[in-house]
Amino acid sequence: MYIDFHTHGKLAKYLPFSTEYTDWLLGEAKRSGLDAICLTEHFNTAQFDELYGYIASKGEQVGDAFAFGGLKVFPGMETDIAEGGHVLCVGKMDAVRELNRRLEPHKEKGKFLPAGELFDLFDEYHLLVGAGHPFRDGGHIPELDEGMLKRFDFIDLNGKDIAIDRRRTERLTYGFGRKLGKPVVSGSDTHQAVQYGCVRTLFERPFDTVEDMEKEIKAGNYRIVINPEAGFKVKTADLLKRSLKEIHALGGDYVSVLLRKSGESPAVLAAKGAN
């Protein structure tokens, strides 16, 4: 079972939610060879609850996941902390949506919760909590005190960071995991479908509940697979993302351009955006 632990359901936080774009993302995730994803949308993205409500209403519930054409979607969230850095969580749909509503007063920079308060809030629910891309510039998760760090359940080996510097990212992330005695799993961190598959976590057996996910992670019944073309996939996805955002900024409908009006592949669109 191939799973991506860090994905997004929108092109960008400030853009309006599009069911067509999200459907395209989920379809492309399956076509890329994934069996499951953790949808860890930014906690302060516009229309967060509409996105997750759509997943809950349109997907076929299978355990704690929601199936779309054979792809299991596990609800999750990516939350900023006051110290600087991003905390991932994966849990049941109702828990994730309720948490997001409770975090409403803390969604602006300058109002983010400190890590300790966020963990205390998370402790009220059954969640798997991860350190998102802990060594990316601007983040300070590794500087948290050891007691706080021990509250993480997993460490994110992030596809974007692998694409920039694989040797450094693997060395620091795996070293961090060993230091804390915490497992490392992988996530593409994609907002754009071309990036799916740059990194994947391959489990020996399938699961559809957060409880079983936790058991399999703790048992170490998995391995991380890094695509040899990870750098190219991430760069192409970034170019396409910037091109589509520019279309939106100029008043165009980027979803229509991507899905209907252009018969060109995402890679071709990205190449044009770079010119």
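See the structure printed just above.
Residues numbered from 1 in each chain as written. Predicted model: local features only at pLDDT ≥ 70, side-chain atom pairs only at ≥ 80, totals over all residues. Heavy atoms only, no water.

So, the overall build of the protein
1) Next: Helix and strand counts for the protein come out as eleven helices and eleven strands.
2) Next: Relative to its length of 275 residues, the protein is compact, with a C-alpha radius of gyration of 18 Å against a globular reference of 19 Å.
3) Next: Projecting the C-alpha coordinates of the protein onto the three principal axes gives extents of approximately 50 × 40 × 40 Å.
4) Next: Considering the protein as a whole, with its 275 residues, one finds that 56% of them fall into the buried category.
5) Next: Sequence separation of 24 or more characterises 74% of the internal contacts of the protein that already satisfy a separation of 6 or more.
6) Next: When the accessible area of the protein is evaluated, it comes to approximately 11,900 Å², of which 49% is carbon and sulfur surface.
7) Next: In the protein, 37 positive and 42 negative side-chain charges are present, and the distance between their average locations comes to 4 Å. (Helix = DSSP H or I, 4+ residues; strand = E, 2+ residues; numbered from the N terminus. Rg over C-alpha atoms; globule rule 2.2 N^0.38 Å. Buried < 20%, exposed > 50% of the residue type's maximum accessible area, 1.4 Å probe, protein only. Contact = heavy atoms within 4.5 Å. Areas by Shrake-Rupley, 256 points an atom, 1.4 Å probe, with all protein chains shown as cover. Lys, Arg positive; Asp, Glu negative; His and termini not counted. Charge placed at Lys NZ, Arg CZ, Asp CG, Glu CD.)

Some words on the pattern of salt bridges
1) Next: With the rule as written, the count across this model stands at 17 salt bridges.
2) Next: A salt bridge links Arg-102 to Glu-124, with the nearest nitrogen and oxygen atoms 2.9 Å apart. In this pair, Arg-102 is assigned in helix α3 (residues 93-102) and Glu-124 in the loop between α4 (115-122) and β7 (128-132), connecting sequence segments 22 residues apart.
3) Next: Salt-bridge contacts for Arg-136 lead to Asp-161; the nearest nitrogen and oxygen are separated by 3.0 Å. Separated by 25 residues along the polypeptide, Arg-136 in the loop between β7 and α5 (146-149) and Asp-161 in helix α6 (residues 159-164) bring together distant segments of the chain. (Salt bridge = Lys/Arg side-chain N within 4 Å of Asp/Glu carboxyl O.)

As for the state of the cysteines
1) Next: Enumeration according to the criterion identifies zero disulfides in this entry.
2) Next: Cys-89 carries a free sulfur, and the closest cysteine sulfur to it, the one in Cys-38, is 10.0 Å from it.
3) Next: A residue is classified by how much of its surface remains accessible, and Cys-89, at 0% relative accessible area, is buried.
4) Next: No disulfide involves Cys-198; its sulfur sits 15 Å from that of Cys-38, the nearest cysteine. (Disulfide = S-S within 2.5 Å.)

Considerations on the packing of aromatic side chains
1) Next: Applying the stated criterion to the full structure yields twelve aromatic pairs.
2) Next: Relative to Phe-154, the ring of Phe-5 lies with its centre 5.9 Å away and its plane at 50°, an arrangement referred to as tilted. Of the two residues, Phe-5 is situated in strand β1 (residues 2-7) and Phe-154 in strand β8 (residues 154-158); the sequence distance between them amounts to 149 residues. For the pair formed by Phe-5 and Phe-154, the shared burial category is buried.
3) Next: Taking 5.2 Å as the distance between ring centres and 40° as the angle between the ring planes, the aromatic pair formed by Phe-203 and Tyr-222 counts as tilted. Here Phe-203 is found in strand β10 (residues 199-203), whereas its partner Tyr-222 is found in strand β11 (residues 222-226), with 19 residues between them in sequence. Comparing Phe-203 with Tyr-222, the two get one shared label, buried.
4) Next: For the cation-ring pair, Arg-200 lies above Tyr-2, with the distance from its terminal atom to the ring centre recorded as 3.8 Å. (Phe/Tyr/Trp six-rings, centres within 6.5 Å; stacked < 30°, edge-to-face > 60°. Lys NZ or Arg CZ within 6 Å of the ring centre and 35° of its normal.)

Description of the side chain of Asp-4
1) Next: Its location among the elements puts Asp-4 in strand β1.
2) Next: Of the buried charged residues, Asp-4 lacks a salt bridge, with Arg-200 as the closest side chain of opposite charge at 8.4 Å.
3) Next: Polar side-chain contacts of Asp-4 include one of 3.1 Å to the backbone nitrogen of His-6.
4) Next: Ignoring anything within four residues of it in the chain, the contact list for Asp-4 reads Leu-34, Ala-36, Ile-37, Cys-38, Ser-186, Gly-187, Ser-188, Tyr-196 and Val-199. (Polar contact = N/O pair within 3.5 Å; in protein donor to acceptor, adjacent residues only side chain to side chain.)

As for the pairing of β1
1) Next: Within β1, five of the six residues are buried, leaving the element largely enclosed by the surrounding structure.
2) Next: As paired elements, β1 and β10 share two bridges and run antiparallel to each other. Paired with Ile-3 across the bridge in β10 is Thr-201.
3) Next: As judged from the three bridges shared by β1 and strand β2 (residues 36-39), these two strands associate in the parallel manner. In the sheet register, Ile-3 faces β2, and the bridge partner there is Ala-36. (Pairing = 2+ DSSP bridges.)

Focus on the nonpolar core
1) Next: In terms of nonpolar packing, the biggest core is built from 68 residues, with Tyr-21, Ile-55, Val-73, Met-77, Phe-122, Ile-141 and Phe-152 touching the most fellow members.
2) Next: Contact partners of Met-77, with chain neighbours within four places excluded, come to Leu-39, Thr-40, Glu-41, Phe-43, Phe-48, Val-87, Leu-88, Cys-89, Val-96, Leu-99, Asn-100 and Leu-103. (Core = buried A, V, L, I, M, F, W, Y, C linked by side-chain atoms within 4.5 Å.)

Observations regarding unusual backbone geometry
1) Next: The backbone phi angle of Gln-47 is positive, close to 60°, even though this residue is not glycine.
2) Next: Accessibility expressed as a relative area gives 32% for Gln-47, which makes it partly exposed.
3) Next: Located in the positive-phi region is His-133, a residue other than glycine, with phi close to 25°.
4) Next: Within the secondary structure, His-133 is located in the loop between β7 and α5.

Digging into the pairing of strand β9 (residues 184-187)
1) Next: Residues Val-184 and Ser-186 line one face of β9 and the alternating positions Val-185 and Gly-187 line the opposite face, and both faces are buried.
2) Next: In the sheet, β8 pairs with β9 via four bridges, with the strands oriented parallel. Paired with Leu-157 across the bridge in β9 is Ser-186.

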